[in-house]
Amino acid sequence: MVTTPLACEELVLATAPGGSRSAPGDLSGLSLVDFPAGWAIREVVDRAFADRRVSLEADDLTAAASLVRAGLAACVLPASAAARFPEVTARRFAAPPLWQLAATHREEPPAPVAAVLAHLG
């Protein structure tokens, strides 16, 4: 098996509209919405912000963004996901953790898999 990196982007802190465009370095004092344990994004955020306090959990980006927009919590998201919701403010971290998207496949993938990798890469 081999792993092919597909994309890499910064994680940002999505918050209710307004305010600063920079995220605090310490998230422990914030109410956060997170995704279920076992989700890839949850694992990345767990490693990057082990001291955070998860107040709410959502299994859908739109539901998480709705909670953020209502001011009930903030959420750590890949920048491209946060950009899908212009009604929230995406705050950049000084040293942003990275979201790495990759595909794991056989060394010689079948033609359909190779085509998808070529299209994504």
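One structure accompanies this document, and this report is about it. (Residues numbered from 1 in each chain as written. Predicted model: local features only at pLDDT ≥ 70, side-chain atom pairs only at ≥ 80, totals over all residues. Heavy atoms only, no water.)

To continue, consider the side chain of Arg-91. Among the structural elements, Arg-91 can be located in strand β5 (residues 89-92). As a buried residue without a salt bridge, Arg-91 has its nearest oppositely charged side chain in Glu-10, at a separation of 13 Å. Within the structure, the side chain of Arg-91 is placed 2.9 Å from the backbone oxygen of Gly-18, a separation counted as a polar contact. Of the polar contacts made by the side chain of Arg-91, one reaches the backbone oxygen of Ser-20; its length is 2.2 Å. Dropping the residues within four chain positions of it, Arg-91 is found in contact with Val-12, Leu-13, Thr-15, Ala-16, Gly-18, Gly-19, Ser-20, Arg-21, Ser-22 and Ala-23. (Helix = DSSP H or I, 4+ residues; strand = E, 2+ residues; numbered from the N terminus. Buried < 20%, exposed > 50% of the residue type's maximum accessible area, 1.4 Å probe, protein only. Lys, Arg positive; Asp, Glu negative; His and termini not counted. Salt bridge = Lys/Arg side-chain N within 4 Å of Asp/Glu carboxyl O. Polar contact = N/O pair within 3.5 Å; in protein donor to acceptor, adjacent residues only side chain to side chain. Contact = heavy atoms within 4.5 Å.)

All right, on to the nonpolar core then. Core analysis: the largest hydrophobic core is formed by 28 residues, its most contacted members being Leu-13 and Val-76. Mapped onto this core, the elements with two or more residues apiece are β1 (2-15), β2 (32-34), α1 (40-48), α2 (61-69), β4 (75-78) and α3 (79-83). The element that contributes the greatest number of residues to this core is β1, accounting for 4 residues. (Core = buried A, V, L, I, M, F, W, Y, C linked by side-chain atoms within 4.5 Å.)

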